[in-house]
Amino acid sequence: VPFQPSTRMKLIILTALISSTLAQRPARIGADGKPLLNRPVLDECMKRKSHMKVGNHNYFLSWREPWHKFEDWDWFNGRNFCRDRCMDLVSFDTPSEFQMFEEIMRKDNISSVWTSGRKCNFQNKGCDGAHLQPINVNGWFWAGASNARIPPTDKPDPNAFWSHTGENGIAQPDNFEGEKEGPIQAENNIGITIEGLQEFHDEACLTVLNNKYNDGIKWHDVACHFRSVIICEDSDQLINLINSQEGIDVRNEFEEGTNSIDIDSLPQLPIVAPSAPLVQQPQVVQQSLGPAVQFQQTQFNSAGQFNGQPPLQQFQRPPRPTRPTGVFGGLFNGFRLPFFRH
């Protein structure tokens, strides 16, 4: 006799399906038909999970939260998950920050994590600037840290932890998949990088792999469709954006995550906590900003991507350099990046 689910079971399944559907935010689509980055959601920001806090930044480690333990993301959707919660993919813009998570990855036996690291490889967005060439050397940046530049990749740097090997046995980044798949012809160069390669296969996103090539825990360039667990880090830009739009400071509004980490359990790490937030008087900031500037919607940029005046920059997180909000990222529209000018 074929199995016939009871009416109650059908109702439970239907309710679950409806709930999961309602929980998914519909993707916003840009004028070019490509998806846009999500705006932060006040309720999600206020109840975001924090597994650890260093200085003024909370961190969410997806594999430590039971609800997301077996979930993985591609780079773009990983960013959107974080951005819903006033966070972004982690930016290892200081050696101590990377070394802290290197130890956690080792202890938790995590094979890979996404970072906000990105390569500027897009047509007509300023990525062809002479000072960014070749882009695999000079075109890398932290999308989640005000577009801070990643040091050139053709020589060792104390702030970079690229692997000495990869799929092709050569130093990273090597764009193995992009070079392997090669160029294609497409109308209006849609889906084509400035190097003529396929955007889908171009290894334009930065992940950390755990000893995949017997190289330890190191940085690797991978195609952005690669799937991995994520680390989200508080985004000062998005927190300030919510504050400017809703009048609510969510910096200290969060919930402790399951299996949270006691920072004191990592005494050997050279952890340098950021300084306390610097609060500026609104009228002083207003004077320095001048007239309100209208921003066009973009996709990989952070707070400055939304229409209206830029949010008040009340919080700063040294040692990250102060940069224009800028517009930088993979599927963005209509801006040249702040540091694309000589």
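Residues numbered from 1 in each chain as written. Predicted model: local features only at pLDDT ≥ 70, side-chain atom pairs only at ≥ 80, totals over all residues. Heavy atoms only, no water.

Undergrad: Describe in detail the overall build of the protein, supporting the description with residues and values.
TA: In terms of regular secondary structure, the protein is built from eight helices and 11 strands. Out of the 342 residues belonging to the protein, those deemed buried represent 52%. Expressed as a percentage of contacts within the protein between residues at least 6 apart in sequence, the contacts between residues at least 24 apart total 70%. (Helix = DSSP H or I, 4+ residues; strand = E, 2+ residues; numbered from the N terminus. Buried < 20%, exposed > 50% of the residue type's maximum accessible area, 1.4 Å probe, protein only. Contact = heavy atoms within 4.5 Å.)

Undergrad: Describe the pairing of strand β3 (residues 57-61), with residues and values.
TA: Taking burial as the measure, the five residues of β3 include five buried ones, the bulk of the element. Side chains His 57, Tyr 59 and Leu 61 of β3 all project onto a buried face; the interleaved residues Asn 58 and Phe 60 project onto the opposite face, where all are buried too. Strand direction decides the pairing type here: strand β2 (residues 52-54) and β3, joined by three bridges, are antiparallel. Residue pairing in the sheet places Val 54 in a bridge with His 57 of β3. Here β2 folds back onto β3 in antiparallel fashion, the turn holding two residues, of which Gly 55 has a positive phi close to 60°. As paired elements, β3 and strand β10 (residues 229-234) share three bridges and run antiparallel to each other. Residue Tyr 59 lies in a different strand from β10, and its bridge partner there is Glu 233. (Pairing = 2+ DSSP bridges.)

Undergrad: Talk me through the pairing of strand β5 (residues 112-119); I want residue IDs and the actual numbers.
TA: Burial runs high along β5: eight of the eight residues are buried. A two-sided burial pattern is seen for β5, the buried positions comprising Ser 112, Trp 114, Ser 116 and Arg 118 on one face and Val 113, Thr 115, Gly 117 and Lys 119 on the other. Pairing between β5 and strand β8 (residues 205-210): four bridges, direction antiparallel. In the strand pairing of β8, Trp 114 is matched with Thr 207. Both β5 and β10 contribute to a ladder of two bridges, which runs parallel. Across the sheet, the residue bridging to Trp 114 is Ile 230, located in β10. The sheet contact formed by β5 and strand β6 (residues 140-142) spans three bridges and is antiparallel. Across the sheet, Lys 119 pairs through a bridge with Trp 140, a residue of β6.

Undergrad: Outline helix α4 (residues 95-108), listing residues and values.
TA: If you check α4, its first and last C-alpha atoms are 20 Å apart, about what 14 residues at 1.5 Å a residue would give, namely 20 Å. Along α4, the residues classified as buried are Ser 96, Glu 97, Phe 98, Met 100, Phe 101, Glu 102, Glu 103, Ile 104 and Met 105. Residues of α4 that are buried sit in contact with β2, β3, β5, β8, β9 (217-222) and β10. Positive phi appears at Asn 109, one or two residues downstream of α4, with a value of about 55°. (Expected span 1.5 Å × (residues − 1).)

Undergrad: Account for the packing of aromatic side chains, naming residues and giving values.
TA: Applying the stated criterion across every chain, the model contains 13 aromatic pairs. For the ring pair Trp 73 and Phe 81, a centre distance of 5.1 Å and an interplane angle of 55° mean the geometry is tilted. Pair check on accessibility: Trp 73 and Phe 81 agree, each one buried. Among the aromatic residues, those joined into a ring-pair cluster are Tyr 59, Phe 92, Phe 98, Phe 101, Trp 140, Trp 142, Phe 161, Trp 162 and Trp 219. Sitting above the plane of the Phe 70 ring, Lys 69 keeps its charged end 5.8 Å from the centroid. (Phe/Tyr/Trp six-rings, centres within 6.5 Å; stacked < 30°, edge-to-face > 60°. Lys NZ or Arg CZ within 6 Å of the ring centre and 35° of its normal.)

Undergrad: A description of helix α7 (residues 236-246) should follow, citing residues and the corresponding values.
TA: Taken across its 11 residues, α7 has eight buried, putting it largely inside the fold. Here α7 has its buried residues at Asp 236, Gln 237, Leu 238, Ile 239, Asn 240, Leu 241, Ile 242 and Asn 243. In this structure, the buried side of α7 is in contact with α2 (42-46), β3, α3 (75-84), β4 (87-89) and β10. At the C-terminal side of α7, Gly 247 shows a positive phi close to 70°.

Undergrad: Account for the environment of Glu 233, naming residues and giving values.
TA: Mapped onto the elements, Glu 233 comes out in strand β10. Judged by its relative accessible area of 3%, Glu 233 falls in the buried class. It is 5.1 Å that separates the C-alpha atoms of Glu 233 and Val 90, two residues lying 143 residues apart in sequence. A distance of 3.2 Å separates a polar side-chain atom of Glu 233 from the backbone nitrogen of Ser 91. (Polar contact = N/O pair within 3.5 Å; in protein donor to acceptor, adjacent residues only side chain to side chain.)

Undergrad: Could you give an account of the side chain of His 68, naming the residues involved and the relevant values?
TA: Here His 68 is to be found in the loop between β3 and α3. A polar atom in the side chain of His 68 sits 2.7 Å from the side chain of Glu 71. Apart from the residues lying within four places of it in its own chain, the contact partners of His 68 are Phe 60, Ser 62, Trp 73 and Phe 81.

Undergrad: Explain the nonpolar core to me, and be specific about the residues and the numbers.
TA: Counting 30 residues, the largest nonpolar core has Met 52, Leu 61, Phe 101 and Trp 219 as the members making the most contacts within it. Of all the elements in the fold, those that place two or more residues in this core are β2, β3, α4, β6, β8, β9 and β10. With five residues, the top contributor of residues to this core is α4. The residues touching Leu 61, leaving out its near neighbours within four places in the chain, are His 51, Met 52, Phe 101, Ile 104, Ile 230, Ile 231 and Ile 261. Ranked by size, the runner-up nonpolar core spans 16 residues in total, among them Trp 73, Trp 114, Ala 204 and Cys 232. (Core = buried A, V, L, I, M, F, W, Y, C linked by side-chain atoms within 4.5 Å.)

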